[in-house]
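Each chain, written out:
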Amino acid sequence: MRKFFSLLKMLTYILLSFLVLLILAGTLFLNFYPSFGGNHSAEEKATFAEKANYKKGKFLNEVATDMSFSFSDILTLIGEYRRKDVQRKPDIIIPVNKIDSLEIASYSDTVPRMTWFGHSAFLLEIDNKKILIDPMLGESPAPHPMLGTKRYTKELPIEIAKLPHIDVVIFSHDHYDHLDYESILLLKEKVNHFYVPLGLGAHLIAWGVNSSKIHELDWWEEINHEDLHLACTPARHFSGRGVFNRESTLWASWVIQTKSFNIFFSGDSGYGPHFKEIGAKYGAFDFAMIECGQYNELWADIHMMPEESVQACLDLTAKTAMPIHWGAFTLALHAWTDPITRFLKKAMEKQLPYITPEIGKPILLNDFAIHKTNWWVTNK
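Computed from a predicted structure; not experimentally measured.

**Re the nonpolar core**
In this structure, M114, I133, F264, F287, M289, I290 and F343 are the most contacted members of the largest nonpolar core, which totals 68 residues. In contact with I290, not counting residues within four places along its chain, are F264, S266, F275, M304, S309, A312, C313, L316, M322, P323, I324 and F343. L132, L156, I166 and L204 belong to the second largest nonpolar core, which has 26 residues in total.

**Observations regarding the pairing of strand β4 (residues 122-126)**
The element β4 is extensively covered by neighbouring structure, given that 5 of its 5 residues are classed as buried. The alternating pattern of β4 places F122, L124 and I126 on one face and L123 and E125 on the opposite face, and all of these are buried. The pairing of strand β3 (residues 113-116) with β4 spans 4 bridges and is classified as antiparallel. Across the sheet, R113 pairs through a bridge with E125, a residue of β4. If you look at the hairpin formed by β3 and β4, you'll find 5 residues sitting between the two strands, and G118 has a positive phi there, around 95°. A loop of 2 residues connects β4 with strand β5 (residues 129-133), the two strands running antiparallel in sequence, and D127 in this loop sits at a positive phi of about 50°.

**Describing the layout of surface pockets**
Put simply, the largest pocket is a space of about 680 Å³. Forming the walls of the largest pocket are 24 residues, and the residues nearest its centre are H175, F238, I302, H303 and L331. Residue classes in the lining of the largest pocket are distributed as 11 nonpolar, 9 polar and 4 charged.

**Regarding the sheet that holds strand β13 (residues 287-291)**
Reading across the sheet, the 6 strands line up as β9-β10-β11-β12-β13-β14 and stay open at both edges, with mixed pairing between neighbours. Either end of the sheet is taken by a strand with one partner, and the two such strands are β9 (222-225) and β14 (321-324). Mean inter-strand twist for the sheet, computed between neighbouring axes without regard to direction, equals 20°. Sheet strands touched by helix α8 (residues 306-316): β12 (262-265), β13 and β14. Its angle to β13, the strand with the most contacts, is close to 145°.

Cut-offs applied
- Residues numbered from 1 in each chain as written.
- Predicted model: local features only at pLDDT ≥ 70, side-chain atom pairs only at ≥ 80, totals over all residues.
- Heavy atoms only, no water.
- Core = buried A, V, L, I, M, F, W, Y, C linked by side-chain atoms within 4.5 Å.
- Buried < 20%, exposed > 50% of the residue type's maximum accessible area, 1.4 Å probe, protein only.
- Contact = heavy atoms within 4.5 Å.
- Helix = DSSP H or I, 4+ residues; strand = E, 2+ residues; numbered from the N terminus.
- Pairing = 2+ DSSP bridges.
- 1 Å grid on protein atoms, 1.4 Å probe; cavity = no way out; pocket = protein on both sides within 12 Å on 5 of 7 lines; lining within 4 Å.
- Points joined across faces, edges and corners; volume = space filled by probe spheres on them.
- Nonpolar A, V, L, I, M, F, W, Y, C, P; charged D, E, K, R; others polar.
- Axes fitted to C-alpha atoms, helices over the stretch in contact; angles between N-to-C directions.

Laid out in structure tokens, this is it:
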């Protein structure tokens, strides 16, 4: 019996030691792992406090936005997760068109050209400028690759190291599927300027970006980059990369204008009156990249249903729309093709012109006809 209690005591010590080490490792990870980004000084917070959309240390949406979950909601999610009849990842080889660094560097046509990297990441070539939009070009949208879902494709249209010099990077918010630590480490020395919503610059500075390159904007603020006009516009979402910094940075959509073209990028957003407000002030838009994916009725306030995405484009007075925020990662419980299927059905019903380009296929903003393909069902 004495040996039994000695063994039990030893096992207890081992278990307690393991738990202590686990807690210590978790604490160190949450507090010091660099991908969580930076924090704001008291001076910065005092500046934010002067803004109408910042109260009690947090940024706010224009309209009430519920992100709470009841016990019943959690049970519903568990039930959805356990369903076996929903294909949440592709069983096809997703086509990825490769693009050439020299061809990007030398592109100088007067017609803007865009290239989709999947999800919400784009390369925009306009007025002899190279612009990256939400360049999450990493493997997994998580603090560490082992903690998140993997990208559907095994390669990108072009690797970061092969990208030519970039004039401008625009970010919509600080979530991992839009702002990627590893991508910034590889990009920061080849980028001239970063345009971001209020507060997001703290992450970039923590990762070694020179503060002189960073320009933070509030909703409805505008700025010129040479002959490029940028407007930071509202979105209905939230932010945060760590356990304790939710809503500490602003989230936004963006308007990108030249003398000849008018472009809208939604970032992440639930449906709301801001789309009509943006359309009234800056529309009509030649091209709108609109969030459509990673939704659920339980968080419809922060991610639109596909039918709402179509309505948002109508509110914006968009001449041509492209559904984004899908085709790269599984971050919700719907089928991976559900966003595009539902969007196209409603778009055709509402007679909204749209495109569905392949990843990496250059899009000329005066020739959309070739980009209405069903690549997600035909390339098996």
